[in-house]
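The residues making up each chain are set out below.
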Amino acid sequence: LMATPSENDFAIEFFRRYAQYGEVVRFIYRVDIFAPLAKSVKDNTVKNETKKRKANKRIMVLSSFRMLLIKRGPLKGKKVTKNIHLYDLHEIKSPDQNSAVFLFRGLHANKSIEMKSGQMPTIIQTIRMLYKTITTGYSSLAKMKLEIDPSSLLPVQKESYPDKTANGFVFLYKAQSAYFTTKVSVELLNYVEDQISFDEGWERCGQNPAALTIDNNPLRYHPKTIELDRIPGIIRKKQLSFPLPPVAAALRHNTYFQALRLCNVQKLKDMILLVANIIRHNQTLSRLDLVNLGASRFFLSLGDMLRDNTNHCIQYISLAGSKIDNTGMLAISIALEKFRHVLKGLNLSNCGISGKRIEILMNAFRRNYAMSIGIEELNLSLNKFDTTSSKVIENWLFEAKEFSHLQKLKLASCNINMTAVTRAFRSLKYLQVLNISGNKLDQGSVELLCVAIDESHTMNHLNVSSCSLKAPLIQKIAGAVCQNRSLSNVHLEISYNQCSTKSAGHVAEAFKKGNNLHTLKFRGYKWKPEGLILLLKTLAKKRSLDTLILDGSCRKTPTGNNELARALFLTLKNTPSLRALSLCNGFDRIIPEFAEKMCKNQTLLELAVEGNRLKDSGAYKLAEMLRMNSTLMLLKCDNNEIGLNGWKSLRLSFEMNKTLVHFPYPWNDLQRALSNSSVSTQEHLKRVLSRLQHDVFTNSNRKERKYAFIEEQTIYIPPSSVEPLPSIPQHLEFLQKEAQQQFEEKQLYWMVNDTSDQMTEATTDAVDDDDYGSWVDPFADDFDIEAFMAAKPTTPVPRPGAPII
């Protein structure tokens, strides 16, 4: 209202450069600006304080994110003299109703503006309203200060985003991009819009993952999960790339996204610092997945920030595949000790944890027993344990005993002393999933494991593959599982152990009793057909058997193949509950005969025959089966050296088959054909496979099935609230104090990495590429990352425009 048309046009034209941020002219005022008083160089006192100063006429323009001061030049020209983002506004002082002093920070640190206007209360009210909008959720330490008489302040409306998309995330992202003067990523905005639409569909389908699909694929993660690695442009110096600091700054106080994922990023070592800054402030995220990241030394910052944010809601942490050194593990352990609520899940598989680091982690569990006994899922697989590590894990499990809520424990391929650990399993009364594959089990550890199985009422998933087990020990474990009447729907994996065809009778004997077996994975034994026939006879008529996987368990022999094919068919006939069968690798001479018999089967829903070198003749047998079969829903037959004619036969079978709805694309056979055939044959094959996929897509099957041969991601449902720490018994309080004393004694010793760890870390850092070196950080001169890493951790004082660390 106070601007002339020419002034209004000038302001509008100027703000066109900020169109990508959504900035437009919001308010225009006329003000008087006074130059700051000169100060003495000697004593920094003000000179000529009583001297009258000249007022400079200016036009103040306020947009959603910034403040402009426009000067009228000669010949009616106009010039912008100040262009300040509101994030840089540090303090407002108003000694009277008509004047105010604005103090700044950041890019305009140690600068101030003194102005007068008859509308000063309204100007301050407007700035407070705009500032409040872009700092919603920020702590009082981060916001600007007001040195104004409260009675003179005009009321400000309730906090509200002009753009409420994702609870204001899009609006704050544009505000931060405007502050960092970086390009707004359209790909990121499209991703957020897609997640919102998926969230709406999720609510409509009653939060049923199977009912909501993306491009005809089941939903992988909860719609309120932000997967940074899926957004195009996360890698710097590439097409479509965009800077990540504005994204991280917008996520610091966002209340929409409840889970954060960043996976398989090896060269963005600063990403850990960005995520750490998010964790330092965010109070909504309940799950954090930082998987396979190549930035080992930056986990120190992550642990420190997680420790400092006492109001975070994180209940599940996965750092799988990300190497963590001793100092990083110490920082994470201190953060775990400071948890004020229950931690539901922790995944540290393949994190290079060994020796000292296991001691550090277990000591943190013991220093906060209220947190650690609430852990429901713990994964420490693919790490390297020693005798001491095995002992401290045993101590923690044994001390927690029946108070532990552990439901899933995975210790695969970690060289753990099983004799020391298995004795503690019997006290875990809620344990459902146990994976100890890849560790050597001897007679004593098997006996202890069987005792735990016999006493368990919940352990229905057991994996003892590659444990160097011989037939009598396999018989003991399988017998203990199958004969426990308290267990139901048991999933048992006993693959790749030391058992020959001669010992088939011992293994088969274990499955004669009991009807609780749901899934049996029996891979890699290379038995002769007669050994498998003996096993199949004992599995026949199992009322609960749903999935049987025999990959690589058949030795190629000239005899017994027809008998094995008949035994497989009779097993399906006598076991109508069996819905999934896998015969991959080694069943070359069995599949053709078995496929002929499968034409009459009306119960099997999934069949996998990959890696059997069936070629075109075998593909013809599968095609004949598909013509007659009306129940099969999934068929996997890649890597069988099938050529163009074989795929044509399979394609023609869909003229009759209308029930097969899953046929994974045969990438291996296609690659082999592309390297050994002419261009015309290649094009013809592509058309045939494309048409085959179209036929599968247009088929329909009314039967509902949770597929055994399609890896389905368990969707994490964010909890509606955090679970407070439970009270712990008196003996755990005593042990907790003991662990705290141990930490004080060993902290300096634990901080020193092993020699091999230091060499590995140096090699990793040498190949890291600082992908943020190409963009201008306005605080680069003020922020020394090496000094930050070396400094003693302190609680930072944040501000909206602070450098992202």
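Anyway, here's the lowdown on the structure attached to this text. (Residues numbered from 1 in each chain as written. Predicted model: local features only at pLDDT ≥ 70, side-chain atom pairs only at ≥ 80, totals over all residues. Heavy atoms only, no water.)

**A short note on the sheet that holds strand β8 (residues 145–147)**
- Judged by pairing direction, the sheet is mixed, and its eight strands sit side by side in the order β4-β3-β2-β1-β7-β6-β5-β8 without closing on themselves. Where the open sheet ends on each side, the last strands, each with one partner, are β4 (78–85) and β8. Strand-to-strand, the axes of this sheet are offset by a mean angle of 30 degrees, without reference to chain direction.
- Pairing of strand β5 (residues 89–96) with strand β6 (residues 99–104), which is carried by five bridges, proceeds in the antiparallel orientation. Paired with D96 across the two strands is S99, which belongs to β6.
- Along the sheet face, helix α2 (residues 120–134) touches β1 (27–34), β2 (55–62), β3 (66–72), β4, β5, β6, β7 (112–116) and β8 and points at about 115 degrees away from the line of β1. (Pairing = 2+ DSSP bridges. Helix = DSSP H or I, 4+ residues; strand = E, 2+ residues; numbered from the N terminus. Axes fitted to C-alpha atoms, helices over the stretch in contact; angles between N-to-C directions. Contact = heavy atoms within 4.5 Å.)

**Some details on empty space enclosed by the protein**
- Applying the stated criterion across every chain, the model contains six cavities of 30 Å³ or more.
- In this structure, the second largest cavity occupies an estimated 50 Å³ of space.
- Surrounding the second largest cavity, L288, L302, G303, L306, I317, L319 and I332 form its lining.
- Residues that form the lining of the second largest cavity fall into these classes: six nonpolar, one polar and no charged. (1 Å grid on protein atoms, 1.4 Å probe; cavity = no way out; pocket = protein on both sides within 12 Å on 5 of 7 lines; lining within 4 Å. Points joined across faces, edges and corners; volume = space filled by probe spheres on them. Nonpolar A, V, L, I, M, F, W, Y, C, P; charged D, E, K, R; others polar.)

**Let's talk about the nonpolar core**
- F425 and F511 are the most contacted members of the largest nonpolar core, which has 222 residues in total.
- Looking at this core element by element, the count peaks at nine residues for helix α3 (residues 169–180).
- Setting aside chain neighbours within four positions, we find F511 in contact with A478, C482, L492, I494, L517, L520, L535, T538, L539 and K542.
- Grouped together as the second largest cluster of nonpolar side chains are nine residues, I549, C584, L605 and A608 included. (Core = buried A, V, L, I, M, F, W, Y, C linked by side-chain atoms within 4.5 Å. Buried < 20%, exposed > 50% of the residue type's maximum accessible area, 1.4 Å probe, protein only.)

**Considerations on the side chain of N347**
- For N347, the position within the fold is in strand β15 (residues 345–347).
- On the basis of relative accessible area, N347 is assigned to the buried category, the value being 12%.
- Separated by 3.0 Å, the side chains of N347 and S349 make a polar contact.
- Beyond its immediate chain neighbours, meaning those up to four positions away, N347 contacts Y316, I317, S318, L319, A320 and N379. (Polar contact = N/O pair within 3.5 Å; in protein donor to acceptor, adjacent residues only side chain to side chain.)

**A closer look at helix α8 (residues 326–337)**
- Counted at 1.5 Å a residue, the expected span for α8 with its 12 residues is 16 Å, and the 16 Å between its end C-alpha atoms agrees.
- Among the 12 residues that make up α8, 10 are buried, leaving the element largely enclosed by the rest of the structure.
- Among the residues making up α8, those that are buried are N326, G328, M329, L330, A331, I332, S333, I334, A335 and L336.
- Next to the buried residues of α8 lie α7 (299–308), β15, α9 (356–367), α10 (369–372) and α23 (730–751). (Expected span 1.5 Å × (residues − 1).)

**Notes on the pairing of strand β21 (residues 517–521)**
- Most of β21 is tucked away: four of the five residues are buried.
- Pairing between strand β20 (residues 490–493) and β21: four bridges, direction parallel. Within β21, the residue paired with H491 across the bridge is T519.
- On the question of chirality, the crossover connecting β20 to the parallel β21 by way of helix α15 (residues 504–510) is right-handed.
- Pairing of β21 with strand β22 (residues 547–549) involves three bridges; the strand directions are parallel. Paired with K521 across the two strands is I549, which belongs to β22.
- Regarding the hand of the β-α-β motif, the stretch spanning β21, helix α16 (residues 529–539) and β22 is right-handed. (Right-handed = clockwise from strand over helix to strand, strands pointing away.)

**Some words on unusual backbone geometry**
- Unusually for a residue other than glycine, L382 sits at a positive phi of about 60 degrees.
- Take L382: it is sitting in the loop between β16 (377–379) and α11 (387–400).
- By relative accessible area, L382 is classed as partly exposed at 48%.
- Phi angles above zero are rare outside glycine, and K615 is one such case at about 60 degrees.
- Residue placement: K615 occurs in helix α19 (residues 615–628).
- On the basis of relative accessibility, which here comes to 40%, the residue K615 falls in the partly exposed class.

**Side note on the packing of helix α17 (residues 561–574) against helix α18 (residues 591–598)**
- Remark: α17 packs on α18, axes separated minimally by 8 Å, with the N-to-C direction vectors making an angle of 35 degrees. Seen along the crossing, α17 lies across α18 with a hand that is right-handed. Side by side, α17 and α18 meet where N562, A565, R566, L568, F569 and L572 of the first sit next to E593, F594, K597 and M598 of the second.
- Tallied by class, residues from the contact of α17 with α18 come to six nonpolar, one polar and three charged. (Left-handed = near helix turned anticlockwise from the far one by under 90°.)

**A short note on the pattern of salt bridges**
- The tally for this structure, following the rule as stated, stands at 33 salt bridges.
- Across the pair R672 and D669 runs a salt bridge whose closest N-O atoms are separated by 2.9 Å. Of the two residues, R672 and D669 both sit in helix α21 (residues 667–676), three residues apart, roughly one turn of that helix.
- Here R672 falls in the partly exposed class, since its relative accessible area comes to 30%.
- Between R691 and D695 there is a salt bridge whose closest N-O contact spans 3.6 Å. Of this pair, R691 and D695 both sit in helix α22 (residues 679–698), four residues apart, which is roughly one turn of the helix.
- Overall, R691 belongs to the partly exposed group, its relative accessible area being 40%.
- Take D695: its relative accessible area is 8%, and that puts it in the buried class. (Salt bridge = Lys/Arg side-chain N within 4 Å of Asp/Glu carboxyl O.)

**Let's talk about the packing of α8 against α9**
- Contact geometry of α8 with α9 gives a least axis separation of 8 Å together with a crossing angle of 10 degrees. Classified by the angle between their axes, α8 and α9 sit roughly parallel to one another. Facing N326, M329, L330, S333, I334, L336 and E337 of α8, the residues of α9 in contact are K356, R357, I360, L361, A364, F365 and R367.
- When grouped by side-chain class, the residues that make up the contact of α8 with α9 number eight nonpolar, two polar and four charged. (Parallel < 35°, antiparallel > 145°, perpendicular 65-115°, else oblique.)

**Considering the packing of aromatic side chains**
- For the structure shown, the criterion picks out 17 aromatic pairs.
- Between F522 and W527, the ring centres sit 5.0 Å apart and the planes meet at 70 degrees, which makes this aromatic pair edge-to-face. Judged on exposure class, the residue F522 and its partner W527 are both buried.
- Where Y525 meets W527, the ring centres are 5.9 Å apart and the plane angle is 55 degrees; that geometry is what we call tilted.
- When its relative accessible area of 6% is taken as the criterion, Y525 is described as buried.
- Every member of this aromatic cluster is reached through a ring pair, and the members are F14, F15, Y18 and Y21.
- A cation over an aromatic ring shows up here: R287 above the ring of Y316, its NZ or CZ 3.8 Å from the ring centre.
- Positioned over the ring face of F743 is R367, at 3.9 Å from the centre of the ring. (Phe/Tyr/Trp six-rings, centres within 6.5 Å; stacked < 30°, edge-to-face > 60°. Lys NZ or Arg CZ within 6 Å of the ring centre and 35° of its normal.)

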